[in-house]
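Fold and contact review
Listed below, chain by chain, are the residues.
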Amino acid sequence: MCLGIPGRVVDLRDDQGLLMGTIDFGGVQRDVCFEYLAGDIKAGDYAIVHVGFAISRIDEQEARRTYEALREMSQLDELEWLREVAEAGIGLGTTGDDGTKASAP
Amino acid sequence: MTVASDLRSVLTCALPHPEGERVQLGHGSGGRLSAALFRDRFLPHFRNPELERLGDGAVLHLSNGYGSGTEVVFSTDTFVVSPLEFPGGNIGSLAVHGTVNDLAMMGGTPQYLSAGFVLEEGLPFDLLDRIITSMGEAAREAGVVLVTGDTKVVERGKADGLYVNTTGIGVVSPEFRPAPDRAREGDAVLVSGPIGRHGMAIMAAREDLGLRTTIESDSASLFPLVTRLREALGDDVRVLRDATRGGVASALNEIAAASGVGISLGATIPVPPAVHAACEMLGLDPLYVANEGVLVALVPSGRAEEARDALRGHPLGREAAIIGRAVRDHPGMVVMRTGLGGSRIVDLLPGDQLPRIC
Amino acid sequence: MKFLDEYRDGALARGLVDRIRATATRSWTLMEVCGGQTHTIVRQGIDEVLEGVVEMIHGPGCPVCVTPLEQIDKALLLAQRPDVIFTSFGDMLRVPGSTCDLLQVRARGGTVRIVYSPLDALELARRHPDREVVFFAVGFETTAPANAMAVWRARELGIGNFSVLVSHVTVPPAITAVLEAPDARVQGFLAAGHVCTVMGWEEYEPIAERYRVPIVVTGFEPVDILEGILMAVKQLEAGRYDVENQYIRAVQRQGTVPARNLVERVFTLVDRTWRGLGVIPASGLGLREEFAEFDAERRFGLGSMHVSEPEACQAGAVLSGRIKPPACAAFGTACTPDHPLGAPMVSSEGACAAYYQYGRLWVGSRPAGPSRLDVRDQSLSAVQGEGEGSP
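Everything numeric here is computed off the predicted structure, so don't read it as measured data.

1. So, the overall build of chain A
Across its full length, chain A carries two helices and five strands. Tracing chain A from N to C terminus, the helices and strands come up as β-β-β-β-β-α-α. For chain A, with 105 residues in total, the buried portion stands at 48%. Here chain A has roughly 5,000 Å² of accessible surface; of this, 47% comes from carbon and sulfur atoms.

In structure tokens:
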């Protein structure tokens, strides 16, 4: 249920009517069934694999975008953060902040 | 004591029911079951101070009864790994390295080995030749001489091809006596290299998991590393342990228990990327994966960097790192600080880890 | 590993913790559904660093843990048969049945093999036409497409000596059951990321709406979980109750449609017993009649069995989030991974195992349950831990 890990598609082939292929997890490779992503997957893409099956293609652009947003958020200066909080309409927490950056130590 | 690098016991492990009446694979994995088996079934019949130290080997005084004698380290290990050949070595080289390392961890200079073989009827000679050739090379490289041995043959279907026991002996001096119970609060904990290679190489060599990788076993004699530590720190090398079955986690737990200290680990322990990936795939924790060419060392905190640099001066220790320290808190327990500032116990597993889906 | 390691970034995680603390004006109670999420939370000490702001209740998202004792006993029966090669994921092998577990069956001579994928079990069947290969199909919706494919292929390729012992459960009914419980405390959910990778999140929208609880589809790495918690807390602070997706890189609203289609083709919704929770209607998957020949229970004539749980085991209370593992009287004493009373102590996803293994030097602001040191090996000298270490 949970152990789905991301890997890079190396190649794809037909195995008696089933779309199979090789996936590379950071240097370790395995045969995986890609039938559920047929038509939407190609070599070089990234996919989530669970028990030998690719169950979704990773949207790399989305991933990059949201990750960058996360990184920025953790580096936002106080003013920007306050503005964002005001826009979202949520109350300010009592953080005990003394006005310094509300970011990662 | 046995080293169960047997793949089957890497993959599977049994837990006993309280009424469990039989030996299970988990008893050979180096975790809690193994400890209990030894303590409850063997130790009562062989009580002596040396055995009860639970070291990798025994330090003995051999006396001629006339006032002169010498001190030696004596150790034995049995190898049942399957498959017999794996990337980075085979059961033969493993058998040499394993016992040489046990002697070295006690401060001994490995000198002589014996080897006892159980061969399965039908074992191909070319396979046997490769194993023995490998053994000979490993012995020469490690500077040990095989001086006596024995061979038996059993029927087809037993012995997984080949089992081998090696027993080793070497001199030891009073000035260099690392022992598992010598750790003190404040000591630095070091690891000599990246972890998880041997266990994952074995796992990958197993066909039915279908993993393809370049991971190789790190099987090697650790004596050169120990020598460097000895030259740099002498008797300040308080504890040495090779992190074999049960991995770094088990070795540190044994040390914490024997010394009555807690061990606190920081987050960065070197793991090769491919080991990391293979562990993620199977849901395994590299801390518990067997190594055959990695040691952990405890030295006074003031000499930690010296020790690390001494290790790094040798190819086998290139990635040596200080990974934690012995503490007064939680004696007998190993605790790792997480990147979040939380903490988690790194406990002894009952047996081996199982690959999982979840 | 790309798309994995960066979500373990400590600095990013700490920043998210700060954000959560800054956003919350009061404390909130959330439930993470999936056992893999539970393990990350406990292992990383996420609940520890959010103490006082967010309480995480651990939900029934451990398919191994919720597999009823009856199914385990059926597995044991099959595994003991000399004509059967019994195959399973590794997780199931240590789960205790009424009398023993699969590994002990193996010790006594049964053929029990761990496989990585159900297709491997199918391949075993192909290679051993003289034996019956049974695969223990346990899991949530994430694993259903793999099992469906194995059954489908078995029929397609005419592999007659293959069957599956099914114990599939689905998540939404479990969430509903938790919300319907009289003492329900959960105010928001982190939905299981990989279940939603397959199924999407459409079926959670009516739940969020009806019970007015935010549901955030969340991944499994520390940064994922913290971001999911932050999103849930933001909703709670704003009085919203929507379904949101944190696990954007892997999940879309409709899920993976071909996978859903084959699951629907091969399986049908059935009532299922959840260990410790009782029968939840339409909460499981069973093979459709058309595929009955691949149902191991039918093939081997296994009727229903009535087995009783060990009394001391409080798996149900733990799985529904009513208690934390250390509050169980048996935790760490009669029940440890060495001699577990129930699945949550054995399964790698189980809450009890997580608490025991990764340990609680800290539970809430006080030590709860027996000190870990007290229950360890007697060969250690007894030490009184205060429950608050300073590692």
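2. Quick word on the sheet that holds strand 9 (residues 188-191) of chain B
Residue and element names in this part refer to chain B. Pairing is mixed in the open sheet, where seven strands are placed in the order 10-12-9-13-11-14-15. Each of the sheet's edge strands pairs with one partner strand only, and the pair in question is strand 10 (239-242) and strand 15 (343-345). Across the sheet, the axes of successive neighbouring strands diverge by a mean angle of 25°, strand direction being ignored. Bridging between strand 10 and strand 12 (residues 295-299) involves four bridges; their strand directions are antiparallel. Residue pairing for strand 12: Asp 242 is matched across the bridge by Leu 295.

3. Re the interface of chain A and chain C
With 48 residues of chain A in contact, the opposing surface of chain C contributes 60 residues. At the junction of chain A with chain C, the criterion picks out two salt bridges. The salt bridge involving Lys 2 of chain C is made with Glu 60 of chain A; its shortest N-O contact spans 3.7 Å. At the boundary of chain A with chain C, the tally comes to 10 residue pairs in polar contact (both at pLDDT 80 or more). Only strand 1 (5-15), strand 2 (18-25), strand 3 (28-33), strand 4 (46-50), strand 5 (53-57), helix 1 (60-73) and helix 2 (78-88) of chain A provide two or more residues apiece to the side of chain A that touches chain C. Among the elements that line the side of chain A that touches chain C, the one with the most residues is helix 1 of chain A, at eight residues. A class-by-class count of the residues in the side of chain A that touches chain C yields 26 nonpolar, 13 polar and nine charged.

4. Notes on the confidence of the model for chain C
Residues and elements named next belong to chain C. Of the residues in chain C, 91% have a pLDDT of 70 or more, and the chain-wide mean is 86. Mean pLDDT values over the elements of chain C span from 79, in helix 15 (residues 315-319), up to 98, in strand 8 (residues 215-218). The ipTM assigned to the predicted complex is 0.86, against a pTM of 0.84.

5. Some thoughts on unusual backbone geometry
Where the residue is not glycine, phi is negative for most of them; where a peptide bond is considered, it is trans in most cases. Along the chain, Ser 82 of chain B connects to Pro 83 of chain B via a cis peptide bond; the corresponding omega equals 5°. Mapped onto the elements, Pro 83 of chain B comes out in the loop between strand 3 (69-79) and strand 4 (85-86). A positive phi angle is found at His 330 of chain B, which is not glycine, with a value near 35°. Within the element layout of this structure, His 330 of chain B appears in the loop between strand 13 (321-327) and strand 14 (334-337). For Ala 282 of chain C, which is not a glycine, the phi torsion comes out positive at approximately 50°. With respect to the secondary-structure elements, Ala 282 of chain C resides in strand 11 (residues 278-287).

6. Overview of the pairing of strand 2 (residues 54-61) of chain C
Residue and element names in this part refer to chain C. Of all eight residues in strand 2, seven are buried, a share of seventy percent or more. Here strand 1 (residues 28-34) pairs with strand 2 via six bridges, running parallel. Opposite Leu 30, over in strand 2, you have Met 56 as the bridge partner.

7. Observations concerning the packing of helix 4 (residues 91-105) of chain B against helix 5 (residues 125-142) of chain B
The axes of two packed helices give the description: the angle between them and the distance between them. Residue and element names in this part refer to chain B. Packing of helix 4 against helix 5 leaves a shortest axis separation of 6 Å and a crossing angle of 30°. The angle between helix 4 and helix 5 places the two elements in the roughly parallel class. Judged by the sense of rotation from one axis to the other, the crossing of helix 4 with helix 5 is right-handed. Residues Ile 91, Gly 92, Ser 93, Ala 95, Val 96, His 97 and Val 100 of helix 4 touch helix 5, and the partners they reach there are Ile 131, Ser 134, Met 135, Ala 138, Ala 139 and Ala 142. Here the residues of the contact of helix 4 with helix 5 are counted per class, giving nine nonpolar, four polar and no charged.

8. What to know about helix 5 of chain B
Residues and elements named next belong to chain B. Its 18 residues place the ends of helix 5 25 Å apart at the C-alpha level, agreeing with the 26 Å of an ideal helix rising 1.5 Å per residue. When helix 5 is considered as a whole, its buried residues turn out to be Leu 127, Leu 128, Ile 131, Ser 134, Met 135, Ala 138, Ala 139 and Ala 142. In a view along the axis of helix 5, the buried residues occupy a sector of 135°, so they form one face of it. In helix 5, the exposed positions that point more than 90 degrees away from the buried face belong to Phe 125, Arg 140 and Glu 141. For helix 5, the secondary structure elements touched by its buried residues are strand 4, strand 5 (89-90), helix 4, strand 6 (109-120) and strand 8 (162-171). The first or second residue beyond helix 5 is Gly 143, which carries a positive phi of 75°.

Definitions and limits used
Residues numbered from 1 in each chain as written. Chains lettered and ligands numbered in written order. Predicted model: local features only at pLDDT ≥ 70, side-chain atom pairs only at ≥ 80, totals over all residues. Heavy atoms only, no water. Helix = DSSP H or I, 4+ residues; strand = E, 2+ residues; numbered from the N terminus. Buried < 20%, exposed > 50% of the residue type's maximum accessible area, 1.4 Å probe, protein only. Areas by Shrake-Rupley, 256 points an atom, 1.4 Å probe, with all protein chains shown as cover. Pairing = 2+ DSSP bridges. Axes fitted to C-alpha atoms, helices over the stretch in contact; angles between N-to-C directions. Contact = heavy atoms within 4.5 Å. Salt bridge = Lys/Arg side-chain N within 4 Å of Asp/Glu carboxyl O. Polar contact = N/O pair within 3.5 Å; in protein donor to acceptor, adjacent residues only side chain to side chain. Nonpolar A, V, L, I, M, F, W, Y, C, P; charged D, E, K, R; others polar. pLDDT = per-residue confidence, 0-100. Parallel < 35°, antiparallel > 145°, perpendicular 65-115°, else oblique. Left-handed = near helix turned anticlockwise from the far one by under 90°. Expected span 1.5 Å × (residues − 1). Arc of directions from axis to C-beta.

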